[in-house]
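Chain residues, written in single-letter form:
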Amino acid sequence: TTLLPPRLFGPRVGAVTRRHLSHGVFNGFALACALGGYACIFANHRQSGASQLGLDVLNNPARVMHVVIGYAVLLLLLIQAGSGVARLYMVAFRGKVVMKFHAVLGRMVY
């Protein structure tokens, strides 16, 4: 066995470990990067007068699907982040495990 995980993530404190907190922080950064990237794309499309939904006349179906998938991923990221915050709160302060789909959705999204 390795000593790296216990030293890196720390001992259990109640029901929440440092691992849970670092998981939330790193995935929060991932969400912030995704939203920042979307904001840049949104601003570029707004400046050039392009459709935010990829519905420009010259766009091919692959481009439209790229946009649809992108919006779906952003929506799933927001659901994942919201459920993670709620899950961590409920475990840390209420002692209840809720939103069990969070683990499955996380593997699908990330």
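About the thresholds
- Residues numbered from 1 in each chain as written.
- Predicted model: local features only at pLDDT ≥ 70, side-chain atom pairs only at ≥ 80, totals over all residues.
- Heavy atoms only, no water.
- Axes fitted to C-alpha atoms, helices over the stretch in contact; angles between N-to-C directions.
- Helix = DSSP H or I, 4+ residues; strand = E, 2+ residues; numbered from the N terminus.
- Left-handed = near helix turned anticlockwise from the far one by under 90°.
- Contact = heavy atoms within 4.5 Å.
- Buried < 20%, exposed > 50% of the residue type's maximum accessible area, 1.4 Å probe, protein only.
- Phe/Tyr/Trp six-rings, centres within 6.5 Å; stacked < 30°, edge-to-face > 60°.

1. Observations concerning the packing of helix α2 (residues 18-48) against helix α3 (residues 61-94)
- Interaxial distance between α2 and α3 falls to 10 Å at its minimum, and their mutual angle equals 145°. The two elements α2 and α3 cross, and the hand of that crossing is left-handed. Residues H20, L21, L31, A34, L35, Y38 and H45 of α2 touch α3, and the partners they reach there are R63, Y71, L74, L77, L78, A81 and L88.

2. Let's talk about unusual backbone geometry
- Unusually for a residue other than glycine, M99 sits at a positive phi of about 50°.
- Note that M99 resides in the loop between α3 and α4 (101-109).
- For M99, a relative accessible area of 33% puts it in the partly exposed group.

3. Some thoughts on the packing of aromatic side chains
- Summed over the entire model, instances satisfying the criterion amount to three aromatic pairs.
- Considering the side-chain rings of Y38 and Y71, the 5.6 Å spacing of their centres and the 70° angle between planes classify their relative orientation as edge-to-face. With Y38 in helix α2 and Y71 in helix α3, this pair connects stretches of sequence that are 33 residues apart.
- Of the residues examined, Y38 reaches a relative accessible area of 27% and is grouped as partly exposed.
- Look at Y71 and you get partly exposed, because its relative accessible area is 27%.
- Arranged with centres 5.2 Å apart and planes meeting at 45°, the rings of Y89 and F93 form a pair that is tilted. Placement of the pair is Y89 and F93 together in helix α3, with a separation of four residues, close to one helical turn.
- These aromatic residues form a ring-pair network of at least three members: Y38, F42 and Y71.

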